[in-house]
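Letter by letter, the chains look like this.
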Amino acid sequence: MLPSIVRVVADLVLPVSCAACGAPARSLCDACSTDLLAQLVRFGGPTWVTPDPEPAGWPGCVAVTAYEGVARTLVATFKDDDRRDARAVLAPLLAAAVAGVLSGPGPDGAVHDTPTALVPAPTSRAARRRRGRDSLAELTRAATELLPDPVPVARVLAQSRRVSDQAGLGAAARMTNLAGAVTVRRAHRGHLAGLRCLLVDDVVTTGATLVECARALGQEGAVVIGAVAVCATQRRARRPAADGARPPETSGSSRPRLNVGGELAA
Ligand SMILES: [Zn+2]
């Protein structure tokens, strides 16, 4: 009797299945760990990614892996299956993306100073209620604690209205769906001028969410220096340009890039 109770309690506290494939393991099994590492290597390290088509107002974003395989499943199980233990794997990936922004010039040639705040994209009220938590804010807090100089997490954004599920929508439809849908929380309005923000999302697809977040922050006078994400369904990716190295040619990449606030104009 007692051992079975202990087992049940232990199962609740310590997951006994891999968060990615369900095999008996703690958090992430050996095979999935290997797959994830291979996935990270294939992506080539923290990389500036640009959705295609590039949305107007795109703030620039560093991601660390393609949205596929183990990484994709981990993001989903962390968010929707309450596998909070997946945070131990995802947080270092997000921290690596932040380090990627700070490590060198972005595609526009701008070198980014340390942001004064990490701003997670808002989770819809419905999703928060369903999950009982704000998983992205939770992940962002875990990631910043891994940085040599932790950056404060500012949960200042909220969805101002209900939006349709983005899944299945194309780039233009997503943009329309999200236009004006993000706002700065009332308590923070009038207090964000000059704040140097790095936006955070778990997955970047069309870029519509990050653009909308950057717009809302820019309206309050905050300076969005870029964004980070764990995964990108990237179609055009560029390594942060090394000294003297030219990034690969991509259509439209020669024009200067204006970040919200205009501070990082090339
Ligand atoms: Zn596994």
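J.: Can you walk me through the pairing of strand 7 (residues 196–204) in this structure?
T.: Note on strand geometry: in a regular strand, side chains alternate between the two faces of the sheet. Buried residues dominate strand 7, accounting for seven of its nine residues. Note that strand 4 (residues 117–120) and strand 7 share four bridges and pair parallel. Looking at the pairing, Ala 117 lines up with Cys 197 of strand 7. Alignment of strand 7 against strand 8 (residues 223–232), held across eight bridges, turns out to be parallel. Of the residues in strand 8, the one forming a bridge with Cys 197 is Val 224. Regarding topology, helix 8 (residues 208–219) serves as the crossover connection from strand 7 to the parallel strand 8, and that connection is right-handed.

J.: How should I be thinking about the confidence of the model for the protein chain in this particular structure?
T.: Reading fine detail from the predicted coordinates is not recommended where pLDDT is low. The predicted model of the protein chain has a mean per-residue pLDDT of 82, with 82% of residues at 70 or higher. This model gives residues 240–266 a pLDDT under 50, and the stretch forms 50 contacts once residues within four places in sequence are excluded.

J.: In this structure, what is going on with helix 3 (residues 69–80)? I would like to understand it.
T.: An α-helical turn contains 3.6 residues, so any two residues separated by three or four positions project in the same direction. Across its 12 residues, helix 3 extends 17 Å between first and last C-alpha, which sits within 8% of the 16 Å expected from 1.5 Å per residue. Downstream of helix 3 by one or two residues, Asp 82 has phi in the positive range, about 60 degrees.

J.: Explain helix 6 (residues 135–144) here, please?
T.: Judged by how many residues are buried, helix 6 sits mostly within the fold: seven of 10 residues are covered. Of all the positions in helix 6, only Ser 135, Leu 136, Ala 137, Leu 139, Thr 140, Ala 143 and Thr 144 are classed as buried.

J.: I tried to follow the packing of helix 3 against helix 4 (residues 87–102) on my own but got confused; where do I start?
T.: Helix-helix packing is characterised by the crossing angle of the two axes and by the distance between the axes. In contact at an axis separation of 10 Å, helix 3 and helix 4 are set at 120 degrees when each is read in the N-to-C sense. The handedness of the crossing between helix 3 and helix 4 is left-handed. Contact with helix 3, carried on its side by Leu 74, Val 75 and Phe 78, involves Arg 87, Val 89 and Leu 90 of helix 4 and no other residues of that element. By residue class, the composition of the contact of helix 3 with helix 4 is five nonpolar, no polar and one charged.

Criteria and cut-off values
Residues numbered from 1 in each chain as written. Predicted model: local features only at pLDDT ≥ 70, side-chain atom pairs only at ≥ 80, totals over all residues. Buried ≥ 20, exposed ≤ 12 C-beta atoms within 10 Å, placed from the backbone. Helix = DSSP H or I, 4+ residues; strand = E, 2+ residues; numbered from the N terminus. Pairing = 2+ DSSP bridges. Right-handed = clockwise from strand over helix to strand, strands pointing away. pLDDT = per-residue confidence, 0-100. Contact = placed C-beta atoms within 7 Å. Expected span 1.5 Å × (residues − 1). Axes fitted to C-alpha atoms, helices over the stretch in contact; angles between N-to-C directions. Left-handed = near helix turned anticlockwise from the far one by under 90°. Nonpolar A, V, L, I, M, F, W, Y, C, P; charged D, E, K, R; others polar.

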